[in-house]
Amino acid sequence: MSALRRKFGEDYQVVNTSGSMTFSAPVKRKRQRFVEKNGRCNVQHGNLGGETSRYLSDLFTTLVDLKWRWNLLIFILTYTVAWLVMASMWWVIAYIRGDLSSTGHDPSYTPCVANVYNFPSAFLFFIETEATIGYGSRYITEKCPEGIILFLFQSLLGSIVDAFLIGCMFIKMSQPKKRAETLMFSQDAVISQRDGKLCLMFRVGNLRNSHMVSAQIRCKLIKSRQTPEGEFLPLDQCELDVGFGTGADQLFLVSPLTICHEINTNSPFFDLSQRSLMNEQFEIVVILEGIVETTGERKISRSHFCLFCCNIWITAPGA
């Protein structure tokens, strides 16, 4: 109690943990977060110059970052256009060689592709070849060198398209966003005493039975500030110590844990009173990262616990 009074003044308000009376911060107008609860950053880049070309130069990452509906649309359109173009090329070869006419051929005449008489049959031949189905009724003959060259080109192009699109879909499905849904963070943070020290505390837990190997937690305080030289730094990032020196930031996350940040002389909250704390505009972003035991992939749960000062409660145990 005395530590709280020295820190926040005589007019501080408390949460009575031994009774039913509670105090919460005043309801404030909802502000846009720097980082949403689902981990999405509310940052938009503008006036960069050549932004589109930069995204296209890293096309694979651009496709992975797109929303699922756009990924599925590109996936379907790419295969559809590729199939139609390649089927058209087979139809053009058959048309130039005269294989589409059903009459006027010598009995010993050998077509480029057997049993291709129109565009639908050329399309079916391409699908059978590309999918390695091979029903047996349509096949390339040795009398068609241009068809053999097109077949080799088709095989190479199909392998490239399959590797690119299927790899993109696989990477997108294996992203840690859904796994992070089962990592729970407390809705509010609490300032209270623990072991005789004033601490900012919140809880984190893993809902799944599979463990997070080498789990590590970090906290960032995002707040605008002005330097002694007069330079204004919007959204300046400051690290909050959650046990780097003691190893408390390395978590064995088999049950919900309480993460503590000691408010000492090195803490950015040390010079703030309760009143100034409620009036300050800042955001705390918590980043939990680790390796999923079942897949061996490194997952990052970012900003599931993302708060403004109005989410911080001040408690005095036994008050």
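- Looking at an unreviewed UniProt entry, one finds the protein named G protein-activated inward rectifier potassium channel 1, with Poecilia latipinna as its source organism.
- Reading the Subcellular location (unreviewed entry) entry of the UniProt record for the protein gives the comment "Membrane".
- UniProt, in the comment section headed Catalytic activity (unreviewed entry), describes the protein in these words: "K(+)(in) = K(+)(out)".

1. As for the pattern of salt bridges
Okay, step 1: In the structure shown here, the tally under the stated rule is six salt bridges.
Okay, step 2: Residues Arg-138 and Glu-128 are paired through a salt bridge, measuring 3.1 Å at the closest nitrogen-oxygen approach. A residue pair is termed long-range when its members are at least 10 positions apart, and Arg-138 in the loop between α5 (119-130) and α6 (145-173) and Glu-128 in helix α5 qualify at ten residues.
Okay, step 3: Of the residues examined, Glu-128 reaches a relative accessible area of 6% and is grouped as buried.
Okay, step 4: Between Arg-225 and Asp-236 there is a salt bridge, with its nearest N and O atoms 2.8 Å apart. Pair noted here: Arg-225 is in strand β4 (residues 212-226) and Asp-236 is in strand β5 (residues 232-240), with a separation of eleven residues, a long-range link.

2. Side note on the packing of helix α4 (residues 68-97) against α5
Okay, step 1: Closest axis-to-axis distance for the α4/α5 pair is 8 Å, and the angle between their directions is 120°. For the pair α4 and α5, the sense of crossing is right-handed. In contact with Ala-82, Trp-83, Leu-84, Met-86, Ala-87, Ser-88, Trp-90 and Trp-91 of α4, α5 contributes Phe-119, Ala-122, Phe-123, Phe-125, Phe-126, Ile-127 and Glu-130.
Okay, step 2: Among the residues forming the contact of α4 with α5, the class breakdown is 13 nonpolar, one polar and one charged.

3. As for α6
Okay, step 1: The terminal C-alpha atoms of α6 lie 42 Å apart, and with 29 residues this matches the ideal 42 Å at 1.5 Å per residue to within 8%.
Okay, step 2: For α6, the set of buried residues is Gly-147, Leu-150, Gln-154, Gly-158, Val-161, Leu-165, Cys-168, Met-169 and Lys-172.
Okay, step 3: Contacts from the buried residues of α6 go to α3 (59-65), α4 and α5.

4. So, the nonpolar core
Okay, step 1: One finds Ile-217, Phe-269, Ile-284 and Leu-288 to be the most contacted residues of the largest nonpolar core, which totals 27 residues.
Okay, step 2: Going through the elements one at a time, β1 (183-185), β2 (189-194), β3 (197-206), β4 and β8 (283-292) are the ones with two or more residues in this core.
Okay, step 3: Examining the composition of this core, we find that five residues originate from one element, β4, more than from any other.
Okay, step 4: Of all hydrophobic cores here, the second largest spans 14 residues; its members include Ile-93, Ala-94, Cys-112 and Phe-126.

5. What to know about a nonpolar patch on the surface
Okay, step 1: A cluster of nonpolar side chains, namely Phe-60, Trp-68, Leu-72, Phe-170, Ile-171 and Met-173, defines an oily patch on the protein surface of about 580 Å² accessible area.
Okay, step 2: Counting residues per element, the ones that place at least two in the nonpolar patch are α4 and α6.
Okay, step 3: The dominant element in the nonpolar patch, judged by the number of residues it contributes, is α6, at three residues.
Okay, step 4: You can see Ile-171 is positioned in helix α6.
Okay, step 5: Using a relative accessible area of 35% as the deciding quantity, one classes Ile-171 as partly exposed.

6. Re the layout of surface pockets
One simple way to see leftover space: roll a probe sized like a water molecule over the atoms.
Okay, step 1: Reported here for the second largest pocket is a volume of approximately 410 Å³.
Okay, step 2: Val-242, Gly-243, Thr-246, Ala-248 and Cys-260 are the residues nearest the centre of the second largest pocket, which is lined by 20 residues in total.
Okay, step 3: Breaking the lining of the second largest pocket down by element, the ones donating at least two residues are β3, β6 (250-251) and β7 (257-262).
Okay, step 4: For the lining of the second largest pocket, the element with the most residues is β7, which contributes five residues.

Conventions used here
Residues numbered from 1 in each chain as written. Predicted model: local features only at pLDDT ≥ 70, side-chain atom pairs only at ≥ 80, totals over all residues. Heavy atoms only, no water. UniProt positions renumbered as here; feature names shortened; annotations may be inferred. Salt bridge = Lys/Arg side-chain N within 4 Å of Asp/Glu carboxyl O. Helix = DSSP H or I, 4+ residues; strand = E, 2+ residues; numbered from the N terminus. Buried < 20%, exposed > 50% of the residue type's maximum accessible area, 1.4 Å probe, protein only. Axes fitted to C-alpha atoms, helices over the stretch in contact; angles between N-to-C directions. Left-handed = near helix turned anticlockwise from the far one by under 90°. Contact = heavy atoms within 4.5 Å. Nonpolar A, V, L, I, M, F, W, Y, C, P; charged D, E, K, R; others polar. Expected span 1.5 Å × (residues − 1). Core = buried A, V, L, I, M, F, W, Y, C linked by side-chain atoms within 4.5 Å. Patch = residues over 30% accessible without salt bridge, like charges linked within 9 Å, V, L, I, M, F, W, Y side chains within 5 Å. Areas by Shrake-Rupley, 256 points an atom, 1.4 Å probe, with all protein chains shown as cover. 1 Å grid on protein atoms, 1.4 Å probe; cavity = no way out; pocket = protein on both sides within 12 Å on 5 of 7 lines; lining within 4 Å. Points joined across faces, edges and corners; volume = space filled by probe spheres on them.

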